[in-house]
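Architecture at a glance
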Amino acid sequence: MTETTEVMPRPRRSMLFVPGSNASWLSTVHVYGADTVMFDLEDSVALREKDTARILVREALMSPIWKDVEVCVRVNAIDTPFFRPDLEAIVPAGVAIVRLPMVRDADMVRELDRVLTEIEEKCGREVGSTKCMAAVESASGVVNAVQIAKASPRMVAIALAAYDYMIDMHTVRGTAADESELFYARCAVLHAARVAGIPCYDVVYSDVNDEEGFLREIGIIKRLGFDGKSLVNPRQIEPLHNAYAPTEAEVDRAKRVIEAADKAEAEGLGVVSLDGKMVDAPIVASAYRTVRLAELSGTRR
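**Some thoughts on the overall build of the protein**
Helix and strand counts for the protein come out as 12 helices and 10 strands. For the protein, the C-alpha radius of gyration of 20 Å lies close to 19 Å, the compact-globule estimate for 301 residues. Seen through its C-alpha atoms, the protein measures out along the principal axes to roughly 65 × 45 × 35 Å. Residue burial in the protein is summarised as follows: out of 301 residues, 50% are buried.

Laid out in structure tokens, this is it:
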């Protein structure tokens, strides 16, 4: 039962979008401490800048400054002429994760998998080493979320994106106090992530000056069970990480759970007990995650 933080999956609380056409950002944004940095070749890049952005991102991926940072690249949609050139540039350059936008069904993920395998074989990269993240942005994507999340062994996360989903649903974005328009989509995509055993990212909060609304929305997604959130500005990283940080009381409790589990294992006991109550494996796993988050963020201020 004993588990160490070294073998735990790395937390993915924050994924910061970085426009692929912004050369200065590509070389400096690593200093802000996002769990995952996502170079964007899609929406934030104008059509006339697609080729330039692709070259800039390819060069950035090969820089040693990113060796200790998880880097994801959002490529252009699978039905655009930019999709294949994007992959042919970033896979040989060593991208860790490819985020595919506008995923409507599992076949799109399987097609991404197929093309990645082809490029990996061609460039000599280990087949399967390039991981995938699917972005669900439509009603069909939400309905098919479980199949999408389980479509490929390359899948390491799934994300919900709000803008196109709102258009598809003929609705509008509400306030952070009333987000009923996203409730079903959030629950569906989150359940799909849990079925597949992968992390789940919530939508971006685009008003970077509204910290109160941002924190309120974090409270909603944290209670629902999201692992983290997509971000559009480095200023959002610290508030997000702090909101996900455990309290001192939670850390103390987690350490006691781990100690009880270690003691039970050392004594050859099949049941872990703490304060007269049985502690099962999910509680122990949660305790390790709490300690890991405290190591990364400290305790909540």
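Next comes the rest of the description.
**Topic: unusual backbone geometry**
Positive phi values are uncommon outside glycine, yet methionine 102 reaches one of about 55°. Residue class for methionine 102 comes out partly exposed when judged on its relative accessible area of 26%. Although it is not a glycine, histidine 170 sits at a positive phi angle of roughly 60°. Looking at where histidine 170 falls in the secondary structure, it is placed in the loop between helix H7 (163-168) and helix H8 (180-196).

**With respect to helix H4 (residues 106-123)**
Its 18 residues place the ends of H4 26 Å apart at the C-alpha level, agreeing with the 26 Å of an ideal helix rising 1.5 Å per residue. For H4, the complete set of buried residues consists of Ala106, Met108, Val109, Leu112, Asp113, Val115, Leu116, Thr117, Ile119 and Glu120. Buried-residue contacts for H4 involve helix H3 (83-90), strand E4 (97-100), strand E5 (131-136), helix H6 (145-149) and strand E6 (155-160). The N-terminus of H4 is capped by aspartate 105, whose side-chain oxygen sits 3.1 Å from the backbone nitrogen of aspartate 107. Looking one or two residues past H4, glycine 124 carries a phi angle of roughly 85°, positive in sign.

**Quick word on the environment of glycine 268**
Looking at where glycine 268 falls in the secondary structure, it is placed in the loop between helix H11 (248-266) and strand E9 (272-274). Residue class for glycine 268 comes out exposed when judged on its relative accessible area of 62%.

**Notes on H8**
The terminal C-alpha atoms of H8, which comprises 17 residues, lie 25 Å apart, in line with the 24 Å expected from a rise of 1.5 Å per residue. Positioned one or two residues after H8, glycine 197 has a phi angle of 75°, which is positive.

**A closer look at the confidence of the model for the protein**
When pLDDT is averaged along the protein, the result is 91; 95% of the residues meet or exceed 70. Here residues 1-8 is modelled with pLDDT under 50, and outside its nearest four sequence neighbours on either side it reaches 17 contacts, counting other chains as well.

**Section: the pattern of salt bridges**
Summed over all chains, the structure comprises 25 salt bridges. Here arginine 110 makes a salt bridge to aspartate 107, at a shortest N to O gap of 2.7 Å. Here arginine 110 and its partner aspartate 107 are both found in helix H4, three residues apart, which amounts to about one turn of the helix. For arginine 110, a relative accessible area of 43% corresponds to the partly exposed category. Residues aspartate 202 and arginine 186 are paired through a salt bridge, measuring 2.8 Å at the closest nitrogen-oxygen approach. Here the residue aspartate 202 occupies a position in strand E7 (residues 200-202), and arginine 186 occupies one in helix H8, the gap between them amounting to 16 residues. Since its relative accessible area comes to 0%, aspartate 202 is described here as buried. Salt bridges sharing common partners tie together Arg84, Glu88, Glu111, Arg114 and Glu118.

**Re the packing of H3 against H4**
The N-to-C vectors of H3 and H4 enclose an angle of 45°; their axes lie 10 Å apart at closest approach. Here H3 lies oblique to H4, going by the angle between them. As H3 packs across H4, the resulting crossing turns out to be right-handed. Of the residues in H4, those in contact with Phe83, Arg84, Leu87 and Glu88 of H3 are Leu112, Val115, Leu116, Glu118 and Ile119. Partitioned by chemical class, the residues of the contact of H3 with H4 number six nonpolar, no polar and three charged.

**Focus: the sheet that holds strand E2 (residues 36-40)**
With parallel pairing, eight strands are arranged side by side around a closed barrel as E1-E2-E3-E4-E5-E6-E7-E8. This sheet shows a mean twist of 25° between the axes of neighbouring strands, independent of strand direction. The strands touched by H4 within the sheet are E4, E5 and E6, with E4 carrying the most contacts at an inclination of about 145°. Sheet strands touched by helix H9 (residues 211-224): E7 and strand E8 (228-231). Its angle to E8, the strand with the most contacts, is close to 145°.

**Some words on the environment of methionine 62**
Tracing the chain through its elements places methionine 62 in the loop between helix H2 (50-61) and strand E3 (70-74). Taking the C-alpha atoms as reference points, methionine 62 and valine 208, separated by 146 residues in sequence, lie 30 Å from one another.

**Quick look at the nonpolar core**
If you look at the biggest cluster of nonpolar residues, it comprises 69 residues, and the most contacted ones within it are Phe39, Leu61, Val73, Leu87, Ile90 and Ile158. The contacts of leucine 61, once residues within four sequence positions are left out, are Phe39, Val71, Val73, Ile90, Ala93 and Val95. Counting residues in hydrophobic clusters, the runner-up holds 13 residues, among them Val257, Ile258, Ala260 and Tyr288.

Procedures and definitions
- Residues numbered from 1 in each chain as written.
- Predicted model: local features only at pLDDT ≥ 70, side-chain atom pairs only at ≥ 80, totals over all residues.
- Heavy atoms only, no water.
- Helix = DSSP H or I, 4+ residues; strand = E, 2+ residues; numbered from the N terminus.
- Rg over C-alpha atoms; globule rule 2.2 N^0.38 Å.
- Buried < 20%, exposed > 50% of the residue type's maximum accessible area, 1.4 Å probe, protein only.
- Expected span 1.5 Å × (residues − 1).
- Contact = heavy atoms within 4.5 Å.
- Polar contact = N/O pair within 3.5 Å; in protein donor to acceptor, adjacent residues only side chain to side chain.
- pLDDT = per-residue confidence, 0-100.
- Salt bridge = Lys/Arg side-chain N within 4 Å of Asp/Glu carboxyl O.
- Axes fitted to C-alpha atoms, helices over the stretch in contact; angles between N-to-C directions.
- Parallel < 35°, antiparallel > 145°, perpendicular 65-115°, else oblique.
- Left-handed = near helix turned anticlockwise from the far one by under 90°.
- Nonpolar A, V, L, I, M, F, W, Y, C, P; charged D, E, K, R; others polar.
- Pairing = 2+ DSSP bridges.
- Core = buried A, V, L, I, M, F, W, Y, C linked by side-chain atoms within 4.5 Å.

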